[in-house]
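So you can see what is in the structure, the chains are spelled out below.
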Amino acid sequence: MTRLRRPTDAGVPAGPPVLVEAAVQDDSLLPNAEDGALMKRWGTTLLDVNAIKASGGTIDKGREQIMALQDLIADDSQVFELRKSGTNHARHVCIGRAKRNDIVLIDDTISSLHATFIGGEVQVLNDNRSSNGTWVNQQPVKAPMEVPLRSGDCIRLGRRVFYYLSGEHMHLLLKLRRKRSG
């Protein structure tokens, strides 16, 4: 786990995909990228981060969404890299309350081995029959279902809410935040 930090070098390559914890877990009103209408969501919203492009320091129509995402992610939000680091022998990244997981979340709504991220060309999430459930964009994930993830997806594990971001999009978010803070 690391804390959100600002990039210092534009030439730094993007890292692995990450989970960024939402700072506010309550319902929020966020703008829809297509028509600007406010959409009621359950603490976070699905972002089409692929629609957000930086060109010459300007941002296209996804600007309102990325700014809303920045407001939902605090400067001290936890960032979890989706990398193998635990003492388990699983081939994939395991997340849960037990110390053997690659990502350990100390929370009574998180199961011992709550969910698994399966890497590859497309990152996939599956629930390991957790007690309090796993959701992607408000849709429950039930074992043995495997849900392919897109950068910007909202993931709820128990009562914890995260955004899944590719390494490239995390880097873009940090660059935009740096620019916004001056």
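Structure: above.
So, here is what we can say about the structure in this document. Given the structure is predicted, the values throughout are model-derived calculations rather than measurements.

**Considerations on the pattern of salt bridges**
Then, in step 1: In the structure shown here, the tally under the stated rule is seven salt bridges.
Then, in step 2: One salt bridge connects Asp102 with Lys84, and the closest N-O pair in it is separated by 3.0 Å. Of this pair, Asp102 sits in the loop between strand S8 (93-96) and strand S9 (103-104) while Lys84 sits in the loop between strand S7 (78-81) and S8, and the two are 18 residues apart along the sequence.
Then, in step 3: Taking the relative accessible area as the measure of exposure, Asp102 reaches 10% and is therefore buried.
Then, in step 4: The class of Lys84 is partly exposed, set by a relative accessible area of 37%.
Then, in step 5: Across the pair Asp108 and Arg159 runs a salt bridge whose closest N-O atoms are separated by 3.0 Å. Pair noted here: Asp108 is in the loop between S9 and strand S10 (115-118) and Arg159 is in the loop between strand S15 (154-157) and strand S16 (160-165), with a separation of 51 residues, a long-range link.
Then, in step 6: Since its relative accessible area comes to 60%, Asp108 is described here as exposed.
Then, in step 7: Overall, Arg159 belongs to the partly exposed group, its relative accessible area being 47%.
Then, in step 8: Several salt bridges share partner residues, and in doing so they unite Glu21, Asp107, Asp108, Arg159 and Arg160 into one network.

**Observations concerning the environment of His89**
Then, in step 1: Along the chain, the position of His89 falls in the loop between S7 and S8.
Then, in step 2: Of the residues examined, His89 reaches a relative accessible area of 80% and is grouped as exposed.
Then, in step 3: Along the backbone, His89 and Arg100 are 11 residues apart, and their C-alpha atoms lie at a distance of 9.2 Å.

**Comments concerning the sheet that holds S8**
Then, in step 1: Ordered by their spatial adjacency, five strands build an open sheet running S9-S8-S10-S11-S14, and the pairing between neighbours is mixed. Across the chains shown, the open sheet's two edge strands, defined by having one partner strand only, are S9 and strand S14 (146-148).
Then, in step 2: Two strands pair when backbone bridges link them, and S8 and S10 are joined in this way by three bridges, in the antiparallel orientation. Within the sheet, the bridge partner assigned to Cys94 lies in S10 and is Thr116.

Reading the values: rules and limits
Residues numbered from 1 in each chain as written. Predicted model: local features only at pLDDT ≥ 70, side-chain atom pairs only at ≥ 80, totals over all residues. Heavy atoms only, no water. Salt bridge = Lys/Arg side-chain N within 4 Å of Asp/Glu carboxyl O. Helix = DSSP H or I, 4+ residues; strand = E, 2+ residues; numbered from the N terminus. Buried < 20%, exposed > 50% of the residue type's maximum accessible area, 1.4 Å probe, protein only. Pairing = 2+ DSSP bridges.

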